[in-house]
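Close look at the chain arrangement
Below, each chain spelled out in residue letters.
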Amino acid sequence: MADLRAKQRAGGRGAVSRAMIACAAVLCIAGYVFVYTAGRAGPPIRSDGFSYYVYLPSWFIYHDASLASVARDCCGGEFPAYTAIIRWPGTRRWVNAHPIGVAVMQAPLFLPAHLLTKWTNLSPDGFTLYYQHAAGLSGLAWTLAGLAILRRLLLRHFTDGVTAVTLVTILLGTNLFHYATFDSSYSHAYSFCLFAAFLLLAERWDESPGAQHAAALGVVAGLIILVRHTNVLFLVCLPLYGVTDRASLSARLHRLLKDWRGLAVAAAVATAVVFPQLALYYLATGRPIVSAYGSLGFNFASPRLFGVLFSVQKGLFFWSPVLLLAVAGAIWLWRSGHGARRFVAGAALFLVMNTYLMASWWDWQFGGSFGHRGFTDAFPIFAIGLAGFYTWALHRRGTAVAAGGIVVTLVLLSMFQMLQYWFGILPFSDTTWSQYRAAFLRLP
Amino acid sequence: MIAGREISRLRWRRRALFIALTMAGAVAVLAYLRDPPWLLAYSSGFTQWEVAEDGSRVRWAGAHASFFVSSDARDLRLRLRTTFERPDDWPVTVSVTLDDVPVDRLVLSDGAWRESTIRLPPRGSRRVRRVDLRSDRTRPNHRALQLHLP
């Protein structure tokens, strides 16, 4: 790793990948402007985005943690059914199925939007023009922050060129671009950034286990849980970092026991970050941990594994086939002894658990989405595998050309299908094989 | 050494110029956004315009909707109604505010059109005034009021 860093210092400290981040920013902003000027989507705060965001007007405008005031103003006292904000049986208080993490991360843009709203004399109700785009642009900004953090992580193990190509592939060859622009008020862009930060911090903490890194890990871990509770599973990447065989597993456990103070700091900080959410649940229901989905839940006995991974409806690899190369790359990393294989065990265990969880959810398609949005959060770990694949391919001249051709084709296909989704040619959910065939390569 | 100092001075000048330009841009944007001309066409909390049974143009408002009127207007005439499709539908109380000052309150207890005429104060420092309509309940599909455009 030190050798690679020395080479990168000599070669302009990742100039190509840095330029790629700048290009990604321009492209994302252009995509966002297109979505809203061409009337491709309704206002950014919509559908699940409404429920993630609604805490901000409630806290900062109505000074009310119960959501009742905002319900009165926006919705005549009752939230619409699509918001999944329900009155808790017994207390009759509002409980939101979507936790507060996204709102916390949107707050830095919400406050300037509120001041600007008052300055222009728009209605300061939390839902007029500036609030809408503060929420929309917030998701875009966190996606770019995620890409920048991912770049730093990848540059520790891969060359600048491989890092740059990996970032482009992850942004354009999957549904990440869609969730940075079209549906940027959903939680996925936020989780993407936090996952990248967690991996980077886990590695840094391993290199220099100090209280500062431990506290930062705690903040990010807490936010990961606050944004999407089931993403708590991702924290498994920390104890499994560096595990490649039985001996390294034992060494890792000893190391964690030795650094128990750091772990305690991280756990304490994470608990403090998560505490406001638990307090909100307690105030609304009398219990600190609840499921606000009511009778809707998991079917653990009959998970739709093929559905979430390969189906035409929402299969991860059907809609983002370039990620198959990431899986191949991760296998190569694991076998080759490459430095980045330290991430593979944790990433693999998380993906297995998360896939099973999503496949068991009553709505395994996760409602309307381009591709399966449940996996978007985890793209930083796919990026490591993808960078591994590119590293492998670059050592074989013929393979590199063929792989390049395949990747470009798959990225273009993904972009084209995303535009078809934006133009309503591809359905939001329940896509059938005949619908897909009829729409295949059909121009908007 | 002298060359190094020169480079550093040049960098500082560039930074100062960048900061000055950014601040000037921010001030210009804020000055524009104080009273932008597009506000007259802006509204929130409404559906698209529809054509009612009698051929007039109407739009639905949610529980809170807002729009802008010219400051030069002397009065504002609103025609509102709501639906009563179920026997247990409660009346809807509508509060009207002008730039956050309450100016009228209507109770819609049947499906007939109700009219509210609001006298507007003399023109202030802005070219538009904001009108907010707040209803205390909504009907199915998150709709509260039908607003009529003469």
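Located above this text is the structure these notes cover.
Residues numbered from 1 in each chain as written. Chains lettered and ligands numbered in written order. Predicted model: local features only at pLDDT ≥ 70, side-chain atom pairs only at ≥ 80, totals over all residues.

Details of the overall build of chain B
Rules: Runs of E in the DSSP output that reach at least two residues are strands. Runs of H or I that reach at least four are helices, and both are numbered from the N terminus. In this treatment the radius of gyration is a C-alpha quantity, and the globule benchmark scales as 2.2 Å times the residue count to the 0.38 power.
Assigned secondary structure in chain B consists of one helix and nine strands. Secondary structure of chain B in N-to-C order comes out as α-β-β-β-β-β-β-β-β-β. On C-alpha atoms alone, chain B measures out to a radius of gyration of 24 Å, which is more than a quarter above the 15 Å that the 2.2 N^0.38 rule sets for 150 residues. Structurally, chain B occupies a C-alpha span of about 90 × 35 × 30 Å along its principal axes.

Some points on the overall build of chain A
Spelled out, the test is: Neighbour density around each residue's C-beta defines its exposure: 20 or more other C-beta atoms within 10 Å make it buried, 12 or fewer make it exposed, and counts between make it partly exposed, where C-beta atoms are placed from the backbone. Note on contacts: residues are paired as contacts if their backbone-placed C-beta atoms lie within 7 Å.
From N to C terminus, chain A includes 20 helices and two strands. Scaling as 2.2 N^0.38, a compact globule of 444 residues should have a C-alpha radius of gyration of about 22 Å, and chain A matches this with 22 Å. In terms of overall dimensions, chain A has C-alpha extents of about 65 × 60 × 50 Å along its principal axes. Taking all 444 residues of chain A together, 49% fall into the buried category. Across chain A, contacts joining residues at least 24 apart in sequence account for 77% of those joining residues at least 6 apart.

Structural notes on the interface of chain B and chain A
The condition that has to hold: Nonpolar residues are Ala, Val, Leu, Ile, Met, Phe, Trp, Tyr, Cys and Pro. Charged residues are Asp, Glu, Lys and Arg, and all others, Gly as well, are polar.
Taken together, the contacts link 20 residues of chain B with 15 residues of chain A. For the side of chain B that touches chain A, the secondary structure elements donating two or more residues are α1 (2-34), β3 (57-70) and β8 (128-135) of chain B. Class assignment of the residues belonging to the side of chain B that touches chain A gives a composition of six nonpolar, six polar and eight charged.

Focus: the nonpolar core
Applicable threshold: To define a nonpolar core, we join buried Ala, Val, Leu, Ile, Met, Phe, Trp, Tyr and Cys residues through C-beta atoms within 7 Å and take the resulting set.
Counting 153 residues, the largest nonpolar core has A:Leu194, A:Ala196, A:Phe198, A:Val220 and A:Cys237 as its most contacted members. The residues touching A:Cys237, leaving out its near neighbours within four places in the chain, are A:Phe198, A:Leu199, A:Ala202, A:Phe343, A:Gly346, A:Ala347 and A:Phe350.

Description of the environment of A:Leu253
Structurally, the position occupied by A:Leu253 is in helix α12 (residues 246-258). Measuring from C-alpha to C-alpha, the distance between A:Leu253 and A:Gly31 comes to 46 Å, with 222 residues separating the pair along the chain.

A closer look at the packing of helix α2 (residues 15-37) of chain A against helix α7 (residues 129-155) of chain A
Residue and element names in this part refer to chain A. Quick note on the threshold: The axes are straight lines fitted to the C-alpha atoms, using for helices just the contacting stretch, and the angles between their N-to-C directions are given from 0 to 180°. What sets the label is the angle itself: under 35 degrees gives roughly parallel, over 145 gives roughly antiparallel, 65 to 115 gives roughly perpendicular, and the rest give oblique. Should the near helix be turned counterclockwise from the far one by less than a right angle, the crossing is left-handed, whereas a clockwise turn marks it as right-handed.
The N-to-C vectors of α2 and α7 enclose an angle of 165 degrees; their axes lie 10 Å apart at closest approach. Here α2 is positioned roughly antiparallel relative to α7, judged by the angle of their axes. Crossing hand, α2 versus α7: right-handed. Contact residues: Ser-17, Ile-21, Ala-24, Ala-25, Cys-28 and Tyr-32 in α2; Gly-136, Leu-140, Thr-143, Leu-144, Leu-147, Ala-148, Arg-151 and Leu-155 in α7. Tallied by class, residues from the contact of α2 with α7 come to ten nonpolar, three polar and one charged.

What to know about the packing of helix α10 (residues 188-207) of chain A against helix α11 (residues 211-227) of chain A
Residues and elements named next belong to chain A. α11 packs onto α10 with a crossing angle of 155 degrees between their chain directions and a minimal axis gap of 9 Å. On the basis of the axis angle, α10 is roughly antiparallel to α11. When you trace α10 past α11, the crossing you get is left-handed. Residue-level inspection shows Tyr-190, Ser-191, Leu-194, Ala-197, Phe-198, Leu-201, Ala-202, Arg-204 and Trp-205 of α10 in contact with α11, the latter providing His-213, Ala-214, Ala-216, Leu-217, Val-220, Ala-221, Leu-223, Ile-224 and Val-227. A per-class count over the contact of α10 with α11 returns 15 nonpolar, two polar and one charged.

Here we look at the pairing of β3(B)
All names here are of chain B. To be explicit about the condition: A pair of strands is labelled paired if DSSP reports no fewer than 2 bridges between them.
Buried residues dominate β3, accounting for ten of its 14 residues. As consecutive antiparallel partners, strand β2 (residues 50-51) and β3 are separated by five residues, and within that stretch Gly-55 has a phi angle of approximately 90 degrees, a positive value. Sheet analysis places β3 next to β8, joined by seven bridges and oriented antiparallel. Opposite Ser-70, over in β8, you have Val-128 as the bridge partner.

Considerations on helix α18 (residues 379-394) of chain A
This is how the line gets drawn: Multiplying 1.5 Å by the residue count of a helix minus one yields the expected span of that helix.
For α18(A), with 16 residues, the first-to-last C-alpha span of 22 Å sits near the 22 Å given by 1.5 Å per residue. Across the 16 residues that make up α18(A), a large majority, 15, are buried.

Topic: unusual backbone geometry
Residues apart from glycine generally show negative phi values, whereas peptide bonds are mostly found in trans. Residue and element names in this part refer to chain A. In the Ramachandran plot, Ser-47 falls in the positive-phi region, its phi being about 50 degrees despite a non-glycine side chain. With respect to the secondary-structure elements, Ser-47 resides in the loop between α2 and α3 (48-53). Residue classification places Ser-47 among the partly exposed positions, given that 16 C-beta atoms sit within 10 Å. Notably, Leu-67 is not glycine yet its phi reads approximately 75 degrees, a positive angle. If you trace the backbone, Leu-67 turns up in the loop between α4 (55-61) and α5 (68-75). Residue classification places Leu-67 among the buried positions, given that 25 C-beta atoms sit within 10 Å.

Side note on helix α16 (residues 323-336) of chain A
Residue and element names in this part refer to chain A. Under the 1.5 Å per step criterion, the end-to-end length of α16 is 20 Å for 14 residues, consistent within 8% with the ideal 20 Å. Contacts made by the buried residues of α16 are with α15 (316-319), α17 (344-360), α18 and α19 (397-422). Remark: Gly-337 follows α16 within two positions and exhibits a positive phi of approximately 80 degrees.

What about the environment of A:Pro303?
Residues and elements named next belong to chain A. Position of Pro-303 among the secondary structure elements: in the loop between α13 (260-285) and α14 (305-310). The class of Pro-303 is partly exposed, set by 18 C-beta atoms lying within 10 Å. C-alpha of Pro-303 to C-alpha of Tyr-356: the two residues are 53 residues apart in sequence and 6.5 Å apart in space.

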